[in-house]
Structure formats: C-alpha cells, structure tokens
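Examination of the molecular architecture
Here are the chains, one letter per residue:
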Amino acid sequence: MRYLNIFIEMAVIEFLFLLKLEKKSKFWVRLVVTAVVFSVASYFAGCIGGLGKWAWVRSLVPMALGIAFVVLCYRMPVIKAVCFGIISYSIQNTAYIFHLFIMTAFPFMPSLVNVIIDYVLFAGVLCVYWFMFGRSIRMETLMDVKSLKSLLVCVLVLIASYALIIFERELPEIAIAIAGVSTIICNFLSMALLFGFTREDALAREKAEIERLLQMEETIHRISKESIDLINFKSHDLKHRLDLLCAGGKFPEEDVNEIRELVGVYDGFVKTGNDDLDIVIAEKYLRCRKSGIILACIADGKRLGFMSAGDIYSLFGNAIENAIEYLESIGDRSKRIINLKIQASGEFVSVKIDNYCESHLKFEDGLPVTNKTDGRFHGFGMKSMNYIAKKYNGTLCCELKDKLFSVYMIFSM
Amino acid sequence: MHIAIIEDDDSDAEVLARYLERYSREERIELTCRRFKDGMDFISDYSPVYDIIIMDIEMPHMNGLEAARRLRALNDRSSLIFITNMAQYAVVGYEVDAVGFAVKPVEYFAFSLQISRAIAKARALEGKYIPIITKSRAEKIYTNDIKYVEVIKHKIIYHTFNGNIEVLGSLSDIEAKLKDSDFVRCNNCYLVNLRHVKKVKGGSVTVADEVLKISYSKKQEFMRRLAIRLGGGFNT
C-alpha cells in the first residue's frame, strides 16, 4: 500500500508542477493509462515478500515509475524529465518522513487515522513547496538551467533520501529522528538550490532589462527636448537661408544641399504602425546619424501588437544598439548600414536585423558569444533578446554569412 | 538575371546602371538590365520576364509604391528594390514584399547589399528540378512542388501537389539531392519543404494541407531554419 502511495503522490506532484509545460500528444490518454498501469505495478511491487534486508529495493519501483510517468507524458529532454521525477520524489519523501516521525512517536494509532494523517501531511508539504517554488518562477525557466548541474543535485538528494530508507528498520529511534530531519533539510535545500540557479539568471536578466528601460525613459524625455531644440534652431537657420536664396536670385549648389541636409533630419522619424517601435527607431536613428550610420527600416509595426512596450524597447533597442556599437568601430563609412525588416509571412511574423560585419564570431547554442572583455555583464543583451523571444513563444537565431551579421526572429500569430 | 530599372531621372538611372555593371563584374553574375522612365510605361508594357525590379519611389506620374502595388496585383513575383529620397517612404515596403531599399544618393555598398538579397530571393523562388528513378522510368520533380519527403527504411516517398511518388533510395541520397535548399528534417522520417510551411503549433507543423509531427529534438533547429528563410536569408 505504501508503494502505491509513493507513486500516486509523485504523480500528483508532477501533474501540478508541470501543469504549464508542453505535453505529449494524446496527453490525457497517456496520463490515465500510465497512471493506472503504474499504480497497479507499484501495488504489486509492495506485495513482493521474502526480501529481508533488501526490502527497500521494492521502493525503487514506484520511484522509477514516477519518473517514467514524466518521460512518457511530457515533451521534454529525458534528463529534465528525470530531474523533475526525482524532485517530486523528494517532496513526497519529505511528507513521508514527517509521517514516520508521527508513527514513531505514536506507534499504536488505528490504521484509518494513520491514512488520514498521511494524506494531510502530504497535502501540507505539497502546499508549502507549491507556494515556495511552484508559482513564483514558472517551471519553464527551470528548463533553461544546464541539465547536468540539476541532475547532479537531484542524484545527491536521492542518495540522501535512500540512506534513510535503507536503514529505516534497523536504526534506533534517535538515529531515525536525526537522519529524518537532515533528509528533510537536504530535500528542501536542494529545491532552493535548483530554483536558486534559475532565480539568479532571471534576476540578472531583469536587472539588465530594467536598466535599459530606465535608460530608454530618460532618452525619450531627452529626445523630445532635443527634437524641439533642434527643430527650433534648424528652422531659424532655414528661414535665414531662404532669405539669402531669395535675395541672391541664383541657387548655389551648396545651399540647396544644405537645405536638403536640414530636411533630412526629419527623415528618421518613421511611422511603422506601432508607437513603441517608432520611439525605439527614433532614438536609435539620432544615435546612428551622429555616427554616420544608416538605419533602413521596412517594418509592419502593427504585427507587433502582441508585445509589451518594455519588451519592444528592450528587444529592438538591444539589437540595434549591438549593431551600432559594432559599426562605430568600422572605418569604411559606406559600410555603416543597419537593415531592419519586420513583416508578416503567412501565420508568422518575421523579423530580421542585419549589419555589415567583418569580424569572426564564436557561436554558442546558436547565439554569438560576447567579445567584450567583461564577459559577465555584457552579452546579456543577446540573452535578454533570446529570453524575450522565448517569452512570446518565438525563436531567435543569428547568422554570420558573407560578412553580414543577421539576427532572425519568428513568432506565430 | 533580368533586371528592370524604373527611374525618371537620367543621371540617377545612369548611376544604377553603372553599379549593376560593377556588381556583375565583381560577383561574376550575368545581368541584363532595361530602363523605364516611368511606372505607367512599365506596367502597360508588362511581361513577367524580370527577376528583379528596381523602382524609384518619387516619380512624376505614378508613385513607385503605387506602381509596385499594381505589379503585385498582376501576380508579379519579382524581387523588388526601392530607391528613395526619404527612408520614411519606404517603411511600408512590406506591403508589396520589397526586399529592401536604398536612399539617394545611392552608394555602391548599400546598393550591392540589396542586389545580393534580391538575387538570393529570385533564385530561391526558382526552385530546381531533381532527377529521380521510379520503378518504371526516370523522372524529374520540381522542388517547389514537393510538400515533404517521407523516408521509411529504404523507401522514399515524395509527397507533391500532384500526388505521391515512391522511389527506392536512402536518406543520404536525398540529402545530397536537396542540398542547399529549403528542406529541413522535422523528425526522423520527414523532410519538410519550408516553402510550404503554413503553421507551427506545439508539436505539429502544417505543411500545405497536411499536419506532421515535429520531434522535440528537431524543433529548435527547424524553427531556426524557418526564421532564417522567412527573414530572407535564403540558402543559395
């Protein structure tokens, strides 16, 4: 009966925690079939007798089945599935240890009360873990952590849990108490550690994004002021020059060109159909102009309606900024061009940002590795862009081909 | 490659023609070009022989964007490059599926970038014929007609719009034939023609009218290739 419990509790934990993750086809069929089959198997595992000292081996069956449950029902790499399985086992194990304490303290309780306490403890522990880890960070981000690191932690936890289980019957009560407490602490800490990994990454990304947003806001205020100043100054200049033209009667080449230049200032303020995108482009345009960089956009901004303002600032701001920083280091001014293209293609929205690039780049996981010396804090631009793309179920990838560095993205509409 | 230049200003047209000549020389690609002074002229005389059309936006009789719209209405699928005085005007180039644009005065490098793109797109659109040997005879299939290729042990089934064609062969066989094109594995048995991908949702991809499964391990690479193709980074 206990072994059946192990499997069922694991299955419940997994179902709850993995609620938002990608499931395999015919999920409910798989769920029901595996639940029933594995439950029966776990029950019979518990019935195998005559193992004596090796009785604990039986508990490996429901544990393995609990892991298999994840592998069979959810779409994820096998290592991740094993990690989740072990995590759910450790949560279940924590509840069991509490139960063990109570049973040891009150050995003569009727079996019904025993069962009720078992479920109450399970629900209690599950709630605690759920509120601590299940909600605040989406389980999906756990998928981003390097799986071997997670697997190592999970395996260590498993060993710690099993140490208690193997020797459960033989140890004096005081030893059980100590081992039990340390196992619970170990389980809890390992969860904190695993989620700590993702929290660290997520926090660093958030920090970089917030800084960028703050910078953006500051810049926006500055643009408005700068624009108005510029317009005022330039229009004054313009009036003066027109006066000269009229007075002279002739049209000197330089004056006409200079007027073209003045008019050209307004050129970069495009209307893409998306206000947030327009602001990013306007800000970057002024920056480009100062460095003699051409920012050429063909953008169907309306298609980006699904993206929040902050994400648009961050995504496109990062991408264009990376290009600008690189192009500023290129001596040949004719090569200073950034192309931005956003258009719908069937049920997809496709984005492409490219610039001339004569460097060699190292790629890791499809993304270029930063070539800035302070590797820890830079390179977040690219990671941030990737994070945002994934947030909207999009895909981001880069390519360096024929001296052109391109960032591609697609999103399903 | 056949190129049409639609530009009302003679000296501007001259510059573009010179650039094309230089591009043709440097990249060793044969280009023929013909010049039109006006959008109206081009459209009234229209025939679908051009691979690339270079269109000035600011023209006296008909605005370049309008001309492009009419062209697309005539089912023209050529690669379109705009030339303009103000970058603002070209922002809506997506409406007519433009490859890109260049701002006057046009510089060679900027122009060559767009031409390269236009050529890549024109070539990708072309598709090619691959030879196959069925049980009864030797045939040629046009790659654009293939929705996807199915591989079962030593059998290859080409799923095309004109029905399925079965041949004997191996996976490495096909990969050699379809090298450098838009075919990507979505799982162990299917090679999908990215050209006909309509939708991707969860674990399935809709190719033309059929739905196939994408395996988890192949999905990321598949989406990357799709992103590159849709963004205009064609394989050539």
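Numbers given for residues are sequential positions, taken from 1 along each chain in its written order. As they are written, the chains are lettered A onward and the ligands numbered 1 onward, keeping that order. Under the rules for a predicted model, residues below a pLDDT of 70 receive no local features and side-chain atom pairs below 80 are neither given nor counted, while totals for whole chains, interfaces and linings still include all residues. Computation of side-chain values: all heavy atoms of the structure, hydrogens and water removed.

Considerations on the overall build of chain B
Rules: Runs of E in the DSSP output that reach at least two residues are strands. Runs of H or I that reach at least four are helices, and both are numbered from the N terminus. With a 1.4 Å probe rolled over the protein chains alone, any residue whose accessible area is under 20% of its type maximum counts as buried; one over 50% counts as exposed, and the rest are partly exposed. In short, Shrake-Rupley with a 1.4 Å probe defines the accessible areas, and a residue's cover is counted only from the protein chains shown.
A tally of helices and strands in chain B yields seven helices and 15 strands. Expressed along its principal axes, the backbone C-alpha trace of chain B runs to roughly 60 × 40 × 35 Å. Per-residue burial for chain B yields a buried fraction of 53% across its 236 residues. Surface exposure of chain B reaches about 11300 Å², of which carbon and sulfur atoms provide 48%.

Details of the state of the cysteines
Selection criterion: Cysteine sulfur atoms are paired as a disulfide whenever they fall within 2.5 Å.
Taken as a whole and judged by the stated rule, the model has zero disulfides over all chains. Free of any disulfide, cysteine 83 of chain A has its nearest neighbouring cysteine sulfur in cysteine 154 of chain A, separated by 4.0 Å.

Section: the confidence of the model for chain B
Rules: Within a predicted model, pLDDT stands for the predictor's per-residue confidence, ranging from 0 to 100.
Averaged over every residue, the pLDDT of chain B is 88; the share at 70 or more is 98%. Note on the complex model: pTM 0.73, ipTM 0.91.

What about the pairing of strand β8 (residues 146-152) of chain B?
Residues and elements named next belong to chain B. What counts is decided by this rule: When DSSP finds two or more bridges between a pair of strands, those strands are recorded as paired.
Among the seven residues that make up β8, six are buried, leaving the element largely enclosed by the rest of the structure. Relative to strand β9 (residues 155-160), β8 runs antiparallel, the two sharing six bridges. Considered in β9, the bridge of isoleucine 152 is made with lysine 155. In this structure, the hairpin formed by β8 and β9 is closed by a connection of two residues, where lysine 153 is found at a positive phi of approximately 50 degrees. For β8 and strand β12 (residues 190-193), the ladder comprises three bridges, and the chain directions are antiparallel.

Observations concerning the environment of proline 48 of chain B
Note on placement: proline 48 of chain B falls in the loop between α2 (39-44) and β3 (52-56). The class of proline 48 of chain B is exposed, set by a relative accessible area of 68%.

As for the pattern of salt bridges
Oppositely charged side chains can pair when the atoms bearing their charge come close. Residues and elements named next belong to chain B. Note the threshold: By definition, a salt bridge exists where a carboxyl oxygen of Asp or Glu is found within 4 Å of a side-chain nitrogen of Lys or Arg.
Taken as a whole and judged by the stated rule, the model has 27 salt bridges over all chains. The shortest N-O distance in the salt bridge between arginine 22 and glutamate 26 comes to 2.9 Å. Taken together, the positions of arginine 22 and glutamate 26, both in helix α1 (residues 10-27) and four residues apart, correspond to about one turn of that helix. Assessed through its relative accessible area of 35%, arginine 22 is described here as partly exposed. With a relative accessible area of 44%, glutamate 26 lands in the partly exposed category. Lysine 147 is the salt-bridge partner of glutamate 210, the closest N and O atoms lying 3.2 Å from each other. Of the two residues, glutamate 210 is situated in strand β15 (residues 210-213) and lysine 147 in strand β8; the sequence distance between them amounts to 63 residues. Under the relative-accessibility criterion, glutamate 210 is labelled partly exposed at 25%. You can call lysine 147 buried: its relative accessible area is 7%.

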